[in-house]
Each structure stands twice: as C-alpha cells, then as structure tokens.
Amino acid sequence: MILLTIDWAYTIEKMVLIAIVISASLLIAMYATYAERKIAGVMQDRRGPNRAGPFGILQPLADGIKLFFKEEIIPNNSNRWLFVLGPCLAMLTAMMTSAIIPWGSTIEIGGRTISLQIADINIGILYIFGVVSMGVYGIMIGGWASNNKFSLMAALRGASQAISYELAMGLSLIALLMLTGSLSLKTIVEQQINGHFWNIVYQPLGFLIFFVCALAECNRAPFDLPEAESELNMGYHQEYSSMKLGFYLFAEYINMFISCAVIATLFFGGYDMPFVDESQLSGVTALLTGLVALFGKTFILIFVFMWIRWTLPRFRYDQLMNLGWKGLIPLALLNMVITGAVVLFTMKTP
Amino acid sequence: MQALTQRAKPVDRRPMNWIEKIYLWNIFKGMLITFKHIFKKKVTIQYPEQKRPFSPVFRGLHILNRDEEGRERCTACGLCAVACPAEAITMEAAERLPNEENLYREEKYAARYEINMLRCIFCGLCEEACPKDAIYLSETFAPANYSRKSFIYSKNDLLIPDPKTQPEEFNIAKGLIEKKKISK
C-alpha cells in the first residue's frame, strides 16, 4: 500500500528551478555591487572600478575573494551563537522571497507543462510580507549579539524603521488587492496581461508609496539609517568581519533585486512585454520575451534605486518617522478609501 | 552688508509653496542633475597609463648632470649638502686619477653621492646651491617601494644617462633640464 506518492519529476523540476533562481539572484546581486560602484562613479564624474578584468567586470569576484580571506573575528563578549545566526538569517530571508515571483509563463518540456514559478501560493503577497518582516531579525539579532552600543542602536533603528514602513507598504497594497481581488502573484500578472493597462495606471499613488517603502525596507539611501556611518560608525554590522560581513552586504543587494522584481510584478505587468501579444508567440519565443521583459523592468528599477541613492542625502531619524507615520500612512489610507469607493461604485472586480 | 565675492547669491528664505512641500518635484530635479553627470567628461587620470602633465618647474627626483662628453659635472664640493634643510644628501669626495679624464670633468669628483628620498622635502635648494650645474630636480617622483633602504638613491640611480652609450635617453633628460632653465 502506498501511503504517500511522490511525483519525482515534479520534485526534480522544482529543485532545478530553485537552483536556477538562487544562482541567478546571487549572480545578479554580485553584479549589482559592481553596477552600484559604476553608477556612483559616473554620477560623480569618476570612472568606477575598471582594473580587474575588462571594464572591471571581475571586480565582484575580487571583492568576494578578499572577503573570504579576511580574518574572522568574533568578539569575546558577544553571544557567539546569535552572532553567527544574524548574517545567516539575513541571507536566508533575502533568498526566500524569490520563491513566489513568477519569472515567466509556462513552458512545455517532454509533454510536461512547467510553470516558471517555484510556488504559486494563493497568499503570495502575505508570504512576501511575512518573509520580509523576518528579514529585520537578521539585523536585530546581529546588532544585539555584537554587544556593542553602536550596533545595538543601529539594530533598534532598523527594527523601528522596518515596522513603521511595513504598515504603509501593507496599506498601499490593500488598495491594489481591491482591484485585483487576488493575493496570488501569478493571477495579478495574468490580469495585467489580459487587461488593458498595467496596475501602475490604476494605482499611481499606491505605487509611489510602495516604492518609497521598498527603499526603506531594503535599508537603501535615503533611508539607510541602520548604516549611518556618521553617527553609528558602521551600523549594525560594526563587529562583523570576513564573509559574515559579506553576507550582510550581499543580503542587502539580493533584497534590492527581489523587491525590484516584486514591484515589476505587481505594478509593471511582470513578464508582460509591452505592445506584444504573448498568446500569438510560440513556446520558446514567448518564454524568452517574458524573461527579457521581466528582467528589463527589474534592472531599470534597480538602476532607479541606485540613482536615488547617489542623489539624495540621508534622512534624519525624526524626519524618517514623520514621513512614515504622518506622511505615508495617511496617504495610503486615503488611497485605500478612494480605491474602495471607486471599486464599490463601478463593481469592476468580483 | 557688502558681499565678499561677486558670485555670492542671497539665500532664498521664502516659505515653501505647496509643490516644494511635497518634495517630490525637487527630488526629481536633483535626480535630473545626477543623471546629467553620467554623460559629463570624467575627471579621472588613469595613473599608470596616463600621467598628469607637470609644470617645467616641478621639483621631483634629482638628476646628476653630465656635460656633452658624458663627464660628471659634480665636484663633491658639498654645497648642496650644506644647503639641504632636511640633511638628506651625503657624499664622499675622491681625486681624479690620470686615466679618468673621460669620466670626470674636474680633478675632484664624488665617489659616493647619496640622497635619502624619505628625508628629502623636494625644496630645490640643492639645485640653487650648485655652482657646477650638476644637480637638477626632474619631473618624476620617487616610486613606491617596500623597504626604507631602497629609498636611499645612490649615484647610479641619480646620474643622467651617458650621451655616448644612451644618446636618446640623455637627450630626453637633457631637454627637461633645458626647459627648466628657460622657465626660470
């Protein structure tokens, strides 16, 4: 008697997909560090890294090797177990978010229809919020376990910032969910493909709020208070060295990539190539156009993230809290009420 | 109050209007400025391949001069060592032997001539003190090195190339010295 049948092909298919997605996001995060330095350079009339390999494209590898060979220091007074757990948690949560992003439509290999999404769960957006809010534990545990007042202060800032901005982020998405009527990212993308416009047309204010909150959630400038060098030395990763520090920095870039992919999926039609009717294309071409569209949108958003970082100065702490609680949350509530009223009167969605 | 420069601009202290209060428009303007800078000319000089042009009066590493026949001009009089405020120059004099006329210009020469580049402040006083037109500060600077010892430059490191064996290098170095003389 078979109690539990395991669909081996399905398992292997998902494993391969997970491996591809994780290595792709690692690779993109690696080159995001390069892009960041290059963009910082050209925006300040410099050249950026250009020594390691042609145009400096081996620079991320050199950085990684350097970090691996640095001395690993664990402070005597730190809580050793938590100290190691911090960067691991930051990296883990950064990776986990990528599980529900639909990277493309379906593809047929050997009679099997494979969906290019690791898990199409019907509570996709809730899952994102759950995992993202776990990400702050990486910062908090790391900062607290270092047993250093600057790290602790930075961790506190990081935690309060993440909590404040998650509220506005959630409220801005509620308005979007009223329109789509679904929490599954796949459904949201398909609605945008079959409908006339992308969600940004219906929800410009919601997009703006979500974008600002995404900046804050990724601890990117102008909201990089947990890493405010001028006040906190290095911030929550003050006591970290070697690859543990590397993990923190790397997790930040993975977070940035994933949140850009999420924004592209929610507001910019995901793998929908503009002005192209996907249903007319054959399997492989449709897949490729989808991938190009999604990654193109994601990279443009990453560029905007970096562009903002190298333009704006950092907020003061009270300004950050004012903007979050007195600016974005009322605005998101207003957006929600208006969207709700419009949806009620037109009954566009079920 | 009188302005200190002609470029001084009064600070706009009007209260913000509603567009400025939202900040978004100003953020957008700031982002346009940074975007424009992407296409501006880069100010970086790519050092080992490109070098910044120096002025002819630049005071860099020292050169010990030779005359047209390739004889060393230095007579080890010690005036440069006396003039040196950092006491970076050491020398030992020796008498020229009868068969050495093609090597040294006058009867006395420097058997040992050392400059400690870590002490040297590149002030150029040795150049001004020299009565024999023998020492000049060139347009290069001392390269980085691993040991302190390697910064003590001996006569071999300092001497200008011999016009007989290396005429091209000599002409280049000589040209720099002449340029310096003219610009003074």
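Because the structure is a prediction, the values reported are computed rather than measured.

*Asks:* Give me the lowdown on the overall build of chain B, citing residues and values where you can.
*Replies:* In terms of regular secondary structure, chain B is built from 6 helices and 5 strands. Traced from its N-terminal end to its C-terminal end, chain B shows the element sequence α-α-β-α-β-β-α-β-β-α-α. Its C-alpha radius of gyration of 27 Å places chain B more than 25% over the 16 Å reference for a compact globule of 184 residues. The dimensions of chain B, computed from C-alpha atoms along their principal axes, are 95 × 40 × 35 Å. Residue burial in chain B is summarised as follows: out of 184 residues, 17% are buried.

*Asks:* Explain the overall build of chain A to me, and be specific about the residues and the numbers.
*Replies:* Of the regular secondary structure elements, chain A holds 12 helices and 2 strands. Beginning at the N terminus, the succession of helices and strands in chain A can be written as α-α-α-β-β-α-α-α-α-α-α-α-α-α. Rg of the C-alpha trace for chain A: 21 Å, near the compact-globule value of 20 Å for 350 residues, within the 12% margin. Considering only contacts in chain A between residues 6 or more positions apart, those separated by 24 or more positions represent 78%.

*Asks:* Can you break down the nonpolar core residue by residue, with the values?
*Replies:* Cys 213, Phe 257 and Ile 263 of chain A are the most contacted members of the largest nonpolar core, which totals 88 residues. A per-element tally of this core places helix H10 (residues 242-267) of chain A first, with 17 residues. Within the second largest apolar cluster, 24 residues are counted, among which are Cys 84, Tyr 113, Ile 115 and Ile 135 of chain B.

*Asks:* Report on the confidence of the model for chain B, specifying residues and quantitative values.
*Replies:* On average, chain B scores 85 in pLDDT, and the residues at 70 or more come to 98%. Here the predicted complex scores 0.79 on pTM and 0.74 on ipTM.

*Asks:* Requested: an account of the interface of chain B and chain A, with residues and values cited.
*Replies:* Many authors give the size of an interface as the accessible area that is lost as the parts come together. Each side of the interface is counted separately: chain B has 10 residues, and chain A has 11 residues. For the side of chain B that touches chain A, the residue count by class is 4 nonpolar, 4 polar and 2 charged.

*Asks:* Break down helix H12 (residues 317-346) of chain A for me, citing the residues and quoting the values.
*Replies:* Residue and element names in this part refer to chain A. Counted at 1.5 Å a residue, the expected span for H12 with its 30 residues is 44 Å, and the 42 Å between its end C-alpha atoms agrees. By the largest-angle criterion, Leu 323 marks the main kink of H12, which is about 30°. Buried residues of H12: Leu 320, Leu 323, Gly 324, Leu 328, Ile 329, Ala 332, Asn 335, Met 336 and Thr 339, and no others. As for H12, its buried residues are in contact with helix H5 (149-180) and helix H8 (204-217).

*Asks:* Residues and numbers for the environment of Phe 257 of chain A, please.
*Replies:* Position of Phe 257 of chain A relative to the elements: it lies in helix H10. Note: C-alpha distance between Phe 257 of chain A and Ala 32 of chain A (225 residues apart in sequence) is 8.2 Å.

*Asks:* Before we move on, could you go through unusual backbone geometry and cite the residues and values that matter?
*Replies:* Non-glycine residue Asp 45 of chain A carries a positive phi angle of around 60°. For Asp 45 of chain A, the position within the fold is in the loop between helix H1 (8-43) and helix H2 (59-69).

*Asks:* Before we move on, can you summarise the packing of helix H3 (residues 80-96) of chain A against H10 of chain A with the specific residues and values?
*Replies:* Residue and element names in this part refer to chain A. Running from amino to carboxyl end, H3 crosses H10 at an angle of 20°, the nearest separation of the two axes being 8 Å. What the angle tells us is that H3 and H10 run roughly parallel. For the crossing formed where H3 meets H10, the hand is left-handed. On H10, the residues touching Pro 87, Ala 90, Met 91, Ala 94 and Met 95 of H3 are Lys 244, Phe 247, Tyr 248, Phe 250, Ala 251, Ile 254, Asn 255 and Ile 258. Considering only residue class, the contact of H3 with H10 consists of 11 nonpolar, 1 polar and 1 charged.

*Asks:* Mind laying out the environment of Lys 181 of chain B, listing which residues take part and the relevant values?
*Replies:* Tracing the sequence through the fold places Lys 181 of chain B in helix H6 (residues 167-183). Spatially, the C-alpha atoms of Lys 181 of chain B and Lys 9 of chain B are 45 Å apart, while their sequence positions differ by 172 residues.

*Asks:* Lay out helix H2 (residues 24-38) of chain B in plain terms, naming residues and giving numbers.
*Replies:* A rise of 1.5 Å per residue sets the reference length of H2 of chain B, with its 15 residues, at 21 Å; its end C-alpha atoms lie 21 Å apart and thus fit the reference within 8%. Within H2 of chain B, only 0 of the 15 residues are buried, leaving the element largely exposed.

*Asks:* Tell me about the sheet that holds strand S2 (residues 89-95) of chain B, and please be specific about residues and values.
*Replies:* All names here are of chain B. Pairing within the open sheet is antiparallel, and its 3 strands lie in the order S2-S3-S5. Either end of the sheet is taken by a strand with one partner, and the two such strands are S2 and strand S5 (152-153). Relative to S5, strand S3 (residues 108-116) is paired through 2 bridges, and the arrangement is antiparallel. Within S5, the position partnered with Ile 115 by the bridge is Tyr 153.

*Asks:* How would you explain the packing of H8 of chain A against H10 of chain A if you had to name every residue and give the values?
*Replies:* Residue and element names in this part refer to chain A. For the pair H8 and H10, interaxial distance at closest approach is 11 Å and the crossing angle is 170°. In this view, H8 runs roughly antiparallel relative to H10, as classed from their interaxial angle. Residue-level contacts link Phe 207, Phe 210, Phe 211, Ala 214 and Glu 217 of H8 to Ser 259, Ile 263 and Phe 267 of H10.

Thresholds applied
Residues numbered from 1 in each chain as written. Chains lettered and ligands numbered in written order. Predicted model: local features only at pLDDT ≥ 70, side-chain atom pairs only at ≥ 80, totals over all residues. Helix = DSSP H or I, 4+ residues; strand = E, 2+ residues; numbered from the N terminus. Rg over C-alpha atoms; globule rule 2.2 N^0.38 Å. Buried ≥ 20, exposed ≤ 12 C-beta atoms within 10 Å, placed from the backbone. Contact = placed C-beta atoms within 7 Å. Core = buried A, V, L, I, M, F, W, Y, C linked by C-beta atoms within 7 Å. pLDDT = per-residue confidence, 0-100. Nonpolar A, V, L, I, M, F, W, Y, C, P; charged D, E, K, R; others polar. Expected span 1.5 Å × (residues − 1). Bend = angle between axes of the 7 residues up to and from the residue. Axes fitted to C-alpha atoms, helices over the stretch in contact; angles between N-to-C directions. Parallel < 35°, antiparallel > 145°, perpendicular 65-115°, else oblique. Left-handed = near helix turned anticlockwise from the far one by under 90°. Pairing = 2+ DSSP bridges.

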